[in-house]
Amino acid sequence: MANIPSGNRDSFTSKFGVIAAAAGSAVGLGNIWRFPLVTTQNGGGAFLLLYFGFIILIGIPVIMSEFSIGRRAQANALGAFKKLAPKTPWFLVGSLGIVTAFAILAFYSTVAGWTLEYLLEALTGRVIHIDDTAQNFAEFSADPVRPVVWQLLVMALTGGIVFAGIQKGIEKFTKILMPLLVILIGLVVIRSVTLPGAGEGVKYLFIPDWSAVNFKTVLMALGQAAFSLSIGMGTLITYGSYIQKENHLLNTASTVAFTDTLIAILASLMVVPAIFAFSAGNIEQMSPGPGLVFEVLPNVFRAMPGGVIFAAVFFFLLFVAALTSTISVLEVVVAYLKEELNMSRGKATLIASVSITVLGVLATLSFGPLAHIKLFGMTIFDILNFSSANIMLTFGALFIVIFVGWKLGKSNFLDEISNKGELQSRLFKVVFFIIRYIAPVAIGIIAVAALFIQGIT
Ligand code: PHE
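Residues numbered from 1 in each chain as written. Predicted model: local features only at pLDDT ≥ 70, side-chain atom pairs only at ≥ 80, totals over all residues. Heavy atoms only, no water.

> Lay out the overall build of the protein chain with the relevant residues and their values.
The helix and strand inventory of the protein chain stands at 19 helices and zero strands. Relative to the 2.2 N^0.38 estimate, which gives 23 Å for 457 residues, the radius of gyration of the protein chain is 21 Å and therefore close to what a compact globule would have. Expressed as lengths along the three principal axes of its C-alpha atoms, the size of the protein chain is roughly 65 × 50 × 40 Å. Going through the 457 residues of the protein chain one by one, you find that 61% of them count as buried. For the protein chain, the proportion of contacts with a sequence separation of at least 24, taken over those separated by at least 6, is 84%. (Helix = DSSP H or I, 4+ residues; strand = E, 2+ residues; numbered from the N terminus. Rg over C-alpha atoms; globule rule 2.2 N^0.38 Å. Buried < 20%, exposed > 50% of the residue type's maximum accessible area, 1.4 Å probe, protein only. Contact = heavy atoms within 4.5 Å.)

Right under this line is the structure:
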């Protein structure tokens with residue numbers, strides 16, 4: 001396949017810029033809000049081990065696949081498939097990515113909005129005076145107005161950064177926000193692990209109970225790994241298209257995966273032990289839901305000296321983590337509209353933000369006025385959350401590795417990740433072997449088995 005010239009596309013300017021943007025996408029509500037939730041719903045330590053296995057065996061190879069597709073094609077998630085495999089149905093994988101971006105950003109902006117409400121409650125000091133944190137969350141999330149207003153603000157900020165472009169928007173903001181995030185998380189973790197009485201939670205997190213594992217657990221672990229690494233929908237194809245040709249993609253991919261996993265562990269150490277401390281060790285009685293973090297952590301903050309300050313820091317960092325992810329999801333749709341439908345960045349950003357917000361408002365209202373609308377027992381929010389992470393991203397990742405392993409092929413892939421032979425590493429061939437044989441079989445078995453043997457809910 002001929003090498004496609006890069007032209008004068010926008011690009012990240014530095015190695016650190018690439019890592020900040022990609023790790024910014026990866027580290028988000030997935031690590032801090034979703035990870036403790038699915039871990040506690042799916043058997044703790046055993047889930048954690050599966051999760052780590054998937055990060056290495058599937059996560060890094062899929063990141064490499066997406067980066068190489070994007071950088072080689074110099075195009076958005078859908079256009080990349082059209083360029084690399086013209087006149088074939090492969091562009092449908094890109095279309096699936098665009099649809100997934102809609103689904104994810106819709107429910108994600110709901111949760112990102114909640115963080116702003118709690119940030120405000122922390123700043124006013126109210127957060128440490130809430131008696132019944134579960135009821136407080138239930139009342140707030142069911143409100144027909146407040147969560148919607150916060151969501152609109154989240155989408156406006158996301159749109160604003162994306163509108164500013166790659167260098168002046170995404171790279172500039174993530175370069176400042178990511179280091180800040182790491183410092184803030186460090187602060188809260190130090191505070192949390194020095195709280196008394198949370199040892200049971202740490203045990204629950206790290207001692208595996210294999211009896212809790214079934215196909216659905218395995219699917220959830222894979223889905224969570226994909227969600228957390230931002231793989232399977234073209235975010236990293238899109239970002240990959242902005243990576244300069246000198247960049248060592250394997251180093252970048254590994255750094256991103258490592259950072260993301262480290263932060264997921266730190267986040268669960270902030271949250272899971274606290275759940276135990278406040279539910280007298282009975283995790284089943286908690287029946288954790290999307291409000292988990294918002295219900296558990298105010299209790300922790302109330303119990304600690306200087307709790308208001310830590311609460312403000314925590315909800316601010318949660319919001320920052322969310323924002324560096326929402327921009328990466330929106331960019332998928334914006335790059336697509338801009339390049340495939342020839343729109344200006346401004347128009348593309350406006351259309352994408354507004355249409356996603358419409359779906360997002362429905363997700364937000366499904367905690368209140370629209371709570372009665374259910375499919376398979378799931379609300380609109382639950383459906384978007386479950387189906388995007390566990391089904392769409394899983395199948396997206398499956399098609400992406402099949403594309404690289406069997407369509408793009410070994411020589412193109414190795415040419416791309418070695419920067420045309422300039423970089424040498426034995427690992428390159430190992431990564432390709434995993435992409436071609438191991439990842440598709442592993443993802444395929446899990447996805448199909450979970451859907452057809454186990455049923456999806
Ligand atoms: N990885 C992000 C998180 O963990 C969510 C995300 C998913 C972002 C898919 C982009 C694409 O919060």
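Next comes the rest of the account.
> Requested: an account of the pattern of salt bridges, with residues and values cited.
Applying the stated criterion to the full structure yields ten salt bridges. One salt bridge connects Arg72 with Asp415, and the closest N-O pair in it is separated by 3.2 Å. Here Arg72, found in helix H3 (residues 45–73), pairs with Asp415, found in helix H18 (residues 410–417); they are 343 residues apart in sequence, far enough to count as distant. With relative accessibility at 24%, the residue Asp415 sits in the partly exposed group. Salt-bridge contacts for Arg72 lead to Glu416; the nearest nitrogen and oxygen are separated by 2.7 Å. Taken as a pair, Arg72 in helix H3 and Glu416 in helix H18 lie far apart in primary sequence, 344 residues in all. The same class applies to Arg72 as to Glu416, namely buried. Each of Arg71, Arg72, Asp415, Glu416 and Lys420 takes part in a single network of salt bridges with overlapping partners. (Salt bridge = Lys/Arg side-chain N within 4 Å of Asp/Glu carboxyl O.)

> Could you give an account of the site of the ligand, naming the residues involved and the relevant values?
Every one of the 16 residues lining the ligand counts as a neighbour, but Ala26, Gly30, Tyr108, Phe227 and Ser230 are closest to it. Here an oxygen atom of the ligand and a side-chain polar atom of Tyr108 are 2.4 Å apart. Between the ligand and the protein, one listed contact pairs a nitrogen atom with a side-chain N or O atom of Ser230 at 2.9 Å. A total of 320 Å² of accessible area belongs to the ligand in isolation, and the protein chains cover 100% of it. A molecule is said to occupy a pocket when more than half its atoms come within 2 Å of that pocket's grid points, and by this definition the ligand occupies the largest cavity. (Near = heavy atom within 4 Å. Polar contact = N/O pair within 3.5 Å; in protein donor to acceptor, adjacent residues only side chain to side chain. Areas by Shrake-Rupley, 256 points an atom, 1.4 Å probe, with all protein chains shown as cover. 1 Å grid on protein atoms, 1.4 Å probe; cavity = no way out; pocket = protein on both sides within 12 Å on 5 of 7 lines; lining within 4 Å. Sits in = over half its atoms within 2 Å of the grid points.)

> Residues and numbers for empty space enclosed by the protein, please.
Inspection of every chain in the model, using the stated rule, returns four cavities of 30 Å³ or more. Put simply, the largest cavity is a space of about 120 Å³. Elements supplying a minimum of two residues to the lining of the largest cavity: helix H1 (15–26), helix H2 (29–41), helix H5 (91–123), helix H10 (215–229) and helix H15 (307–340). For the lining of the largest cavity, the element with the most residues is H15, which contributes three residues. For the lining of the largest cavity, the residue count by class is ten nonpolar, seven polar and no charged. The space that makes up the second largest cavity amounts to roughly 40 Å³. Taken together, Ala77, Phe81, Val93, Gly94, Gly97, Gly232, Met233, Gly234, Ile237, Gly396 and Ile400 form the lining of the second largest cavity. (Points joined across faces, edges and corners; volume = space filled by probe spheres on them. Nonpolar A, V, L, I, M, F, W, Y, C, P; charged D, E, K, R; others polar.)

> Lay out the confidence of the model for the protein chain in plain terms, naming residues and giving numbers.
Predicted confidence across the protein chain gives a mean pLDDT of 90, with 94% of residues reaching 70 or more. Of the regions scoring below 50 in pLDDT, residues 1–6 engages in twelve contacts with residues more than four places distant in sequence or in other chains. (pLDDT = per-residue confidence, 0-100.)

> I'd like to hear about H15, residue by residue, with values.
An α-helical turn contains 3.6 residues, so a residue and the one three or four places further along point in the same direction. Over its 34 residues, H15 runs 49 Å from end to end, which matches the ideal 50 Å to within 8%, given 1.5 Å per residue. The sharpest bend along H15 measures roughly 25° and falls at Glu331. H15 sits mainly inside the fold: 27 of its 34 residues count as buried. Asn342 sits one or two positions beyond H15 and adopts a positive phi of about 55°. (Expected span 1.5 Å × (residues − 1). Bend = angle between axes of the 7 residues up to and from the residue.)

> Can you tell me about H1, naming the residues and giving the values?
Relative to the 16 Å expected for twelve residues at 1.5 Å per residue, H1 spans 16 Å between its end C-alpha atoms, a close match to the ideal helical length. With nine of twelve residues buried, H1 lies mostly within the body of the structure.

> Any details on the packing of H15 against helix H16 (residues 345–365)? Residues and values, ideally.
Running from N to C, H15 and H16 cross one another at 130°; their axes reach a closest spacing of 9 Å. Comparing the axis directions of H15 and H16 gives the class oblique. For the pair H15 and H16, the crossing hand works out as right-handed. Across from Leu330, Glu331, Val333, Val334, Leu337 and Lys338 in H15, the residues of H16 making contact are Arg345, Ala348, Thr349, Ile351, Ala352, Ser353 and Ile356. Looking at the contact of H15 with H16 residue by residue, the class counts come to eight nonpolar, two polar and three charged. (Axes fitted to C-alpha atoms, helices over the stretch in contact; angles between N-to-C directions. Parallel < 35°, antiparallel > 145°, perpendicular 65-115°, else oblique. Left-handed = near helix turned anticlockwise from the far one by under 90°.)

> Describe the packing of aromatic side chains, naming the residues involved and giving the relevant values.
What the rule picks out here adds up to 28 aromatic pairs. Between the aromatic rings of Trp33 and Phe381, the centroid separation amounts to 6.2 Å while the plane-to-plane angle is 80°, which identifies the pairing as edge-to-face. In this pair, Trp33 sits in helix H2 while Phe381 sits in helix H17 (residues 380–408), placing the two residues 348 residues apart along the sequence. Each member of the pair, Trp33 as well as Phe381, is classed as buried. Ring plane angle 80° and centroid distance 5.5 Å describe the contact between Phe107 and Phe381, whose orientation is recorded as edge-to-face. With Phe107 in helix H5 and Phe381 in helix H17, this pair connects stretches of sequence that are 274 residues apart. Each member of the pair Phe107 and Phe381 is classed as buried. Just above the ring of Phe227 sits the side chain of Arg34; from NZ or CZ to the centre is 5.0 Å. Geometry around Trp406 places Arg436 over its ring, the cationic atom sitting 3.7 Å from the centre. (Phe/Tyr/Trp six-rings, centres within 6.5 Å; stacked < 30°, edge-to-face > 60°. Lys NZ or Arg CZ within 6 Å of the ring centre and 35° of its normal.)

> Outline the environment of Phe54, listing residues and values.
By the element assignment, Phe54 lies in helix H3. Sequence separation between Phe54 and Val218 is 164 residues, and the spatial gap between their C-alpha atoms is 9.6 Å. Each residue touching Phe54, except ones within four places of it in the same chain, is listed here: Gly59, Val218, Ala221, Leu222, Ala225 and Ile446.

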